[in-house]
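Observations on chain architecture
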Amino acid sequence: MNKDCLNVYSILRAFLKDREGVTPIHIPIFDNRECELLRECVESNFVSSVGKFCERFEQELVNFTGAKRAILTVNGTSALHLSLILGAIKQDDEVLLPSFTFVATANAVRYIGAVPHFVDIQDQTLGIDIDKLSQWLESTTESRNGEIWNKSTGRRIRCVVPMHTFGHSVDMDALNTIATRFGLVVIEDAAESLGSRYKDRHTGNDSLCAAISFNGNKIITTGGGGAILTNDDDLADRAMHLSTTAKISHSWEMRHDAVGYNYRMPALNAAVGCAQLEKLPDFIAKKRALAERYQAAFAGVEGVRFLCEPQWATSNYWLNTLVFEDTSGVDQRSFIELANSEGIMTRPAWRPLHMQSPFADCPKMDLSTTESMARRVVNIPSSASL
Ligand SMILES: *Cc1c(COP(=O)(O)O)cnc(C)c1O
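Predicted model only: the values in this text are computed from it and were never measured.

Right, let's talk about the site of the ligand for a bit. Surrounding the ligand, one finds 16 residues, the nearest of these being Gly-76, Thr-77, Glu-192, Ser-213 and Lys-218. A distance of 2.7 Å separates an oxygen atom of the ligand from a polar atom in the side chain of Ser-213. One of the side-chain nitrogen or oxygen atoms of Lys-218 is found 3.2 Å away from an oxygen atom of the ligand. Isolated, the ligand exposes 380 Å² of accessible area, and the fraction of that covered by the protein chains is 93%. Listed by contribution, the elements that provide at least two residues to the shell around the ligand are α4 (76-86) and α5 (103-111). In terms of residues, the shell around the ligand owes the most to one element, α4, which gives 3 residues. Its residues assigned to classes, the shell around the ligand shows 5 nonpolar, 8 polar and 3 charged.

Structure follows, in structure tokens:
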């Protein structure tokens, strides 16, 4: 490993000096409150999707995010899947999304028979590069009756899915300008950005609907879980209906008016969610304070930059991130191996999806920043308890 890398590592180790044993990337925090609400849920006997905890968690999410409606799901992936269905994205449509994301974003597109079309990211935010996307659409698509078609694949391009990487919001006003110009539906993958704001509003409020995740490694967790946020009542009602097997409400008759899904979060998980959401403001404050300390520790250090929130955003700093400068000496893998061998858990971000076998044949633009960032980004310990 070169001198700069070793220096960066010694700063990270000194930063975490008082920690014994292994320092994970991100751990959940529970106390008696989760146990208390879980017990209340068990004792009520309503442990599945009927019962007060689902509605209560939804209402509290609405209060927290400012979205008009929240609909719980079994995980973030199912929230994305339903969102695409509700956005009327059809089989063989192309959906624009970053290659630099968790595999769930692209999987959900495949579930409806649509085709992921990978777009590049910006190196300052790790979110979609909007100017590059605009130029790409201008030069490679043609417009027919207000819809755009990919000139090389002959398919309709219908939707764009921005992802707020590690909690840092995409510039949604700029993205929406492009989306309007090209007739695209916008669905936010806000799985990582609960508690992050874009300008004066919570992420997820600048699109048709947004998917969030409560997986064990996210900023709050329900074990597994997700939610759709939307400001459209109609869409929320359909999300609720489709996520509960499309059953027509009736006290004893079993009638269904569509092929629905069994996607509703159980009340047991929602009970944990209610307890976690009470702590979220405290988690965010602690994570922002941790990020500020990291930023100070790495300020002016040769060869590396700490990833800061963009000027339009207030980030939850879900995962703190170092970006190595693009010099030939960068050795991300040795850095990660050394850190992990000494109990400091670090990891690269995802292997870009266009480089993974299920998605290798998908349409894509030049992805040079994605590929460069995949070699230079390292996530470092980020738990609120640090
Ligand atoms: C976590 C995550 C998801 C999906 O979440 P699950 O709840 O694990 O299904 C989707 N997209 C991104 C970017 C994520 O980080």
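Turning next to the sheet that holds strand β12 (residues 304-306). Taken in spatial order, the 4 strands make up an open sheet running β12-β14-β16-β15, and their pairing is antiparallel. Here the strands that pair on one side only, and so sit at the sheet edges, are β12 and β15 (347-348). Of the pairings in the sheet, the one linking β15 to strand β16 (residues 377-380) comprises 2 bridges and is antiparallel in character. Bridged to Pro-348 within β16 is Val-378. Its contacts with the sheet put helix α9 (residues 267-298) on β12, β14 (320-324) and β16, and the angle it makes with β12 is roughly 155°.

Each aromatic ring pair is described using two quantities: the centre-to-centre distance and the angle formed by the ring planes. Applying the stated criterion across every chain yields a total of 11 aromatic pairs. Between Phe-15 and Tyr-294, the aromatic rings sit 4.2 Å apart at their centres with planes inclined by 10°, giving stacked as the arrangement. Remark: Tyr-294 occurs in helix α9 and Phe-15 occurs in helix α1 (residues 3-15); sequence separation between them is 279 residues. When its relative accessible area of 18% is taken as the criterion, Phe-15 is described as buried. Under the relative-accessibility criterion, Tyr-294 is labelled buried at 0%. Between Phe-100 and Trp-350 the ring centres are 5.4 Å apart and the planes differ by 80°, which places this aromatic pair in the edge-to-face class. Of this pair, Phe-100 sits in the loop between β2 (94-98) and α5 while Trp-350 sits in the loop between β15 and α11 (368-376), and the two are 250 residues apart along the sequence.

What the rule picks out here adds up to 26 salt bridges. Among the salt bridges present, the one from Glu-43 reaches Arg-39, with a minimum N-O distance of 3.0 Å. Of this pair, Glu-43 and Arg-39 are both found in helix α2 (residues 32-44), 4 residues apart, which corresponds to roughly one turn of the helix. Its relative accessible area of 58% is what places Glu-43 among the exposed residues. On the basis of relative accessibility, which here comes to 54%, the residue Arg-39 falls in the exposed class. Here Asp-200 ties to Arg-201 by a salt bridge, and the two come within 3.1 Å at their closest N and O atoms.

Rules and cut-offs
Residues numbered from 1 in each chain as written. Predicted model: local features only at pLDDT ≥ 70, side-chain atom pairs only at ≥ 80, totals over all residues. Heavy atoms only, no water. Near = heavy atom within 4 Å. Polar contact = N/O pair within 3.5 Å; in protein donor to acceptor, adjacent residues only side chain to side chain. Areas by Shrake-Rupley, 256 points an atom, 1.4 Å probe, with all protein chains shown as cover. Helix = DSSP H or I, 4+ residues; strand = E, 2+ residues; numbered from the N terminus. Nonpolar A, V, L, I, M, F, W, Y, C, P; charged D, E, K, R; others polar. Pairing = 2+ DSSP bridges. Contact = heavy atoms within 4.5 Å. Axes fitted to C-alpha atoms, helices over the stretch in contact; angles between N-to-C directions. Phe/Tyr/Trp six-rings, centres within 6.5 Å; stacked < 30°, edge-to-face > 60°. Buried < 20%, exposed > 50% of the residue type's maximum accessible area, 1.4 Å probe, protein only. Salt bridge = Lys/Arg side-chain N within 4 Å of Asp/Glu carboxyl O.

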